[in-house]
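For reference, the chains in residue letters:
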Amino acid sequence: MDKDPFLHLRVFDLNCWALRYLSKLRQERIALIGDVLNQEGFDLALLQEVWSERDYWELKKKLSARYPSSHYFKSGVIGSGLCIFSKHQILDTFLYQYSVNGYPYMLQHGDWFCGKSVGLVELKIQGIVFNVYVTHLHAEYCREKDGYLPHRVVQAWELGQFIQHTSKGADIVLLGGDLNMHPEDVGVRLLRGWAGLQDSFMAAEKVEGCEDGSTLVPANCFTNQKEMQFYPQGIRIDYILYKGSSQYEVRCNSHVTTTGTVPGKGIPYSDHEAVLATLSLQKTESDKVLNHPTVDPVLVDILNEARVEVRVGLLSAERQRYSCGRMAVLALLLLLMQGAMALSSMFGRTMQPFPKFSFSLLALLAVVVLLISGILYLFHTIEVKILQGTEEQMRVGLQSLQDKLSSG
């Protein structure tokens, strides 16, 4: 920079893994998170998986002196788990819940019940308008057979679109959260390319903490060691991303991750490592556009790759819809046959060939199968429509990129 930065911003991001009754040492860890936020005095703390509002209110009470402004984002059955604590006054908030987020019958995963979302708060610091986003995308449960990848790609696309369309009046954009994707995954590349975001780890002048900025590491006692056996150095799935504007340039001075156990406490803050970034802002000349690169031809390839993943998800959704529809039709036919047999027996034309109890039990089973299959048919129909719509949006975006490249 030609001039000294006139504003420094310290940002803290953490997936807190705070699910009541299931997360180990939840209350102790929430207390430790509150302690470190008070001690360090960050400008912003972006938290995920604070599933209990009681935990949020305990943090709010504890942090009220250092962080007078905060917001908890509510969505889904369990909640979004997203909240933001800020030293600066929050002027406005908004929540967008992703249109696809797993399946309600996958109870062992539970993402569908969480209402995965992106939360937005607007701040004004020294006259500069900040749009700050916090998010948590669908989890990856099996990298080799990742049935949720199309949903995460759709979520990444919706996140990028949401940022693009809500940040037009902002000077600075900040995004923190658990994206549940590796840096090289198509969803991360799509989000960064489409929304024009920079990765604090890749852009940082100084990096400290875990190797390669990993936020899931084998050294963390809460991490699932079986999932980490192929990643001895850990993986990076938690991010702080940012971009400036034509008026302001943003630099990342440092990117730091925690390294497992809290010093002197014997336990980590979470099963994830926290990400701490120090950003500096510098006013630029009005005719100089920073952090808004020209159209990169690579983005065309990324968008095509994302469309392929969405099409894969679309084919799967159509197969599931067909299976549910077929099951519903079979259950309906069974009910009609039983109804015809019951009417025939009632008017004395034929004898009832089945015992009444077995006949009633079979009818009840058919009704249950019909209801469940019908509901799932409607659910997968909605999923098909969303995936079709997303693929069409990507097609339009791709056409726009190609037009810019051909004319540029």
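Residues numbered from 1 in each chain as written. Predicted model: local features only at pLDDT ≥ 70, side-chain atom pairs only at ≥ 80, totals over all residues. Heavy atoms only, no water.

(A) Expanded view of the pattern of salt bridges. Applying the stated criterion across every chain, the model contains 16 salt bridges. Ionic pairing is found between D35 and K62, a salt bridge with its closest N-O pair at 2.6 Å. On the criterion of sequence distance, the pair formed by D35 in helix α1 (residues 26-40) and K62 in helix α2 (residues 53-63) is long-range, its members being 27 residues apart. Owing to a relative accessible area of 29%, D35 belongs among the partly exposed residues under this scheme. (Salt bridge = Lys/Arg side-chain N within 4 Å of Asp/Glu carboxyl O. Helix = DSSP H or I, 4+ residues; strand = E, 2+ residues; numbered from the N terminus. Buried < 20%, exposed > 50% of the residue type's maximum accessible area, 1.4 Å probe, protein only.)

(B) Spatial organisation of the packing of aromatic side chains. For the structure on display, the rule yields 16 aromatic pairs. Between Y56 and W57, the aromatic rings sit 5.3 Å apart at their centres with planes inclined by 65 degrees, giving edge-to-face as the arrangement. Overall, Y56 belongs to the buried group, its relative accessible area being 4%. On the basis of an interplanar angle of 20 degrees and a centroid distance of 5.7 Å, the ring pair of Y96 and F162 is categorised as stacked. Of the two residues, Y96 sits in strand β5 (residues 90-97) while F162 sits in helix α4 (residues 149-166), which places them 66 residues apart along the sequence. F162 gets classed as buried once you look at its relative accessible area, which sits at 9%. In textbook terms, an aromatic cluster arises when at least three aromatic residues are bridged by ring pairs, as seen for F94, Y96, Y98, Y133 and F162. For the cation-ring pair, R29 lies above F222, with the distance from its terminal atom to the ring centre recorded as 5.4 Å. (Phe/Tyr/Trp six-rings, centres within 6.5 Å; stacked < 30°, edge-to-face > 60°. Lys NZ or Arg CZ within 6 Å of the ring centre and 35° of its normal.)

(C) Up close: unusual backbone geometry. The phi torsion at W17 lies on the positive side, around 50 degrees, for a residue other than glycine. Residue class for W17 comes out buried when judged on its relative accessible area of 17%. One non-glycine residue, D212, adopts positive backbone phi at about 60 degrees. Positionally, D212 belongs in the loop between β10 (206-208) and β11 (238-243).

(D) Structural view of the sheet that holds strand β6 (residues 117-125). Judged by pairing direction, the sheet is mixed, and its six strands sit side by side in the order β5-β6-β7-β8-β11-β9 without closing on themselves. For this open sheet the edge positions go to β5 and β9 (198-199), each flanked by a neighbour on one side alone. Packed on one face of the sheet, α4 meets β5, β6, β7 (128-136) and β8 (172-178) and runs near 165 degrees to β7. (Pairing = 2+ DSSP bridges. Contact = heavy atoms within 4.5 Å. Axes fitted to C-alpha atoms, helices over the stretch in contact; angles between N-to-C directions.)

Purely geometric numbers; function is a separate question.
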